[in-house]
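Residue-level listing of the chains:
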Amino acid sequence: MARKRLDQTPFEVDVLNLTHDGRGVARLPDGKALFVTGALPGEQVVAQRFARSRSFDEAVTLEVLRASEHRITPRCPHFGTCGGCVLQHLDAEQQIIAKDRVLRENFERIGHVTPKRWMAPLVDHAWGYRRKGRFSVKRVEKKDKTLVGFRERDPRFVAELQECHTVIPPIAAIIPALAQLIDGMDARSTLPQIEFIAGDPRPEFDGIALVFRHLQPLIEADVAALLAFGQQHRMAIFLQPGGNDSVHALWPEAPELSFRLEDWDIELKFRPLDFIQVNAGLNRTMIARTLELLDVQPDDRVLDLFCGLGNFTLPLARRVREVVGVEGEGGLVARAKENAAHNGLANAQFHAADLTQDQRSASWMRQGFDKLLLDPPRSGAIDVLRQLPLERFKRIVYVSCHPASLARDAGYLVNERGWTLADAGVMDMFPQTAHVESIALFEKR
């Protein structure tokens, strides 16, 4: 009924700005905000409204009457339908400028802080970078076909991908073959997703793993088809009949996944559902920038919170006297310890702890440290920051995947705990998307 009452008559509108999620911002005659999918700042477009709320309306671009000078032709034919990218129509330099503006606005609006210096953005390859992700699978009986791809912009649907230019080329090359594989399986209606993750090539396979989630036991013929697919494409095949603990290898018998950080002579081993940074090239640059900002010295003791597998911890261990990593997920902590031993690093310790809870009695919390590194999830690090004896640290570096939580935590550090926001800047971990990663340095006043 609400959709029937919505006026969907196309209308012309001037686009003024860009939202944090990559949509154009316009104003209706009554001053109400309008978010327009597919529109860029400075453009005049014909839009059609498809949703309405109290504070803003939503519309989609039907025609561009006056194009932005920064509009480009999207590389991918699925752009506009697939929800994996939202900025392919904006040139790469302007994408970075837009993300930088999001970070600046969040600092000003949420944190009420401004860095003393803005760092140049960290960038790497704009295409073919995504080494970890999840394809959704949908069997459409009416069309007698199986769809494999990312969710569409309307997340109720799965995009039927024939190609993808943001995932690494070996994964992009097999998307149609994956759909054909599953279409021929008895389990095609009970296989909802495929996770992919890539490390370095191994002798027995090319370092890429596919995890097939299945809701019902697989018949022998389906298992044989998956096995043959893995061998043909030299990709490790894992099956997931239940939760994360149910993941097990089908082929090879015991595939080893890992990637090297050559600058620090580190090899990080991981499991197929573990978190690793999506963009390998940007990850290396990010680690180097982090160590530079921390100004690590041979006699330093560093605390690395939300450390995961040891992505920062182990390179730090090559440069400092001792580093302590703390992570909430026990499995990642176990892998981090294994990675420290694998790389011969006795000066890296790891602890499992829920950093949203009170940790003031934890042994690691009472130790003395020179530097602090934070790499929290989207929710940020405010809970643990309120517990830490921050006056004991000389420097804090904060790596963020969500500018709003970074801005909030920066406001706390500067306005309540007396630190200075010395440097900040964006990192383009996810080109072609609106996702904003950033890094900030805090110094004592």
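Presented here is an overview of the structure given in this document. (Residues numbered from 1 in each chain as written. Predicted model: local features only at pLDDT ≥ 70, side-chain atom pairs only at ≥ 80, totals over all residues. Heavy atoms only, no water.)

Next up on the list: the nonpolar core. Leu314, Leu316 and Phe350 are the most contacted members of the largest nonpolar core, which has 52 residues in total. Sorting elements by how many residues they give to this core places helix α6 (residues 280-294) first, with six residues. When residues no more than four places from it in sequence are discounted, the contact partners of leucine 316 are Leu291, Leu294, Val296, Val302, Val323 and Leu373. Ranked by size, the runner-up nonpolar core spans 40 residues in total, among them Ile96, Leu413, Val414 and Ala440. (Core = buried A, V, L, I, M, F, W, Y, C linked by side-chain atoms within 4.5 Å. Buried < 20%, exposed > 50% of the residue type's maximum accessible area, 1.4 Å probe, protein only. Helix = DSSP H or I, 4+ residues; strand = E, 2+ residues; numbered from the N terminus. Contact = heavy atoms within 4.5 Å.)

Applying the stated rule across the entire model yields five aromatic pairs. Aromatic side chains phenylalanine 35 and phenylalanine 56 sit 4.8 Å apart centroid to centroid with 35° between the ring planes, which places their arrangement in the tilted category. Of this pair, phenylalanine 35 sits in strand β3 (residues 33-37) while phenylalanine 56 sits in strand β5 (residues 56-66), and the two are 21 residues apart along the sequence. Judged by its relative accessible area of 18%, phenylalanine 35 is buried. Take phenylalanine 56: its relative accessible area is 25%, and that puts it in the partly exposed class. Where phenylalanine 135 meets phenylalanine 196, the ring centres are 4.9 Å apart and the plane angle is 35°; that geometry is what we call tilted. Taken as a pair, phenylalanine 135 in strand β7 (residues 132-140) and phenylalanine 196 in strand β9 (residues 193-198) lie far apart in primary sequence, 61 residues in all. On the basis of relative accessibility, which here comes to 1%, the residue phenylalanine 135 falls in the buried class. What links up through ring pairs into an aromatic cluster is the set Phe135, Phe150 and Phe196. (Phe/Tyr/Trp six-rings, centres within 6.5 Å; stacked < 30°, edge-to-face > 60°.)

All chains considered together, the criterion is met by three cavities of 30 Å³ or more. In this structure, the largest cavity spans a volume of roughly 90 Å³. Forming the boundary of the largest cavity are Cys76, His78, Phe79, Cys82, Gly84, Cys85, Gln88, Leu161, Glu163, Cys164, His165 and Thr166. Residues of the lining of the largest cavity, tallied by class, amount to six nonpolar, five polar and one charged. In this structure, the second largest cavity occupies an estimated 50 Å³ of space. If you trace the second largest cavity, you find it lined by Leu18, Thr19, His20, Asp21, Gly22, Leu87, Ala98, Lys99, Val102, Ala434 and Val436. It is helix α2 (residues 92-111) that contributes the most residues to the lining of the second largest cavity, three residues altogether. Here the lining of the second largest cavity is built from residues that sort into six nonpolar, three polar and two charged. (1 Å grid on protein atoms, 1.4 Å probe; cavity = no way out; pocket = protein on both sides within 12 Å on 5 of 7 lines; lining within 4 Å. Points joined across faces, edges and corners; volume = space filled by probe spheres on them. Nonpolar A, V, L, I, M, F, W, Y, C, P; charged D, E, K, R; others polar.)

Now for the side chain of asparagine 347. Assignment of secondary structure puts asparagine 347 in the loop between α8 (330-342) and β17 (348-352). A relative accessible area of 18% means that asparagine 347 is categorised as buried. At a separation of 2.9 Å, a polar atom in the side chain of asparagine 347 contacts the main-chain carbonyl oxygen of alanine 317. Not counting residues up to four positions away in its chain, the partners in contact with asparagine 347 are Ala317, Val320, Arg321, Glu322 and Val323. (Polar contact = N/O pair within 3.5 Å; in protein donor to acceptor, adjacent residues only side chain to side chain.)

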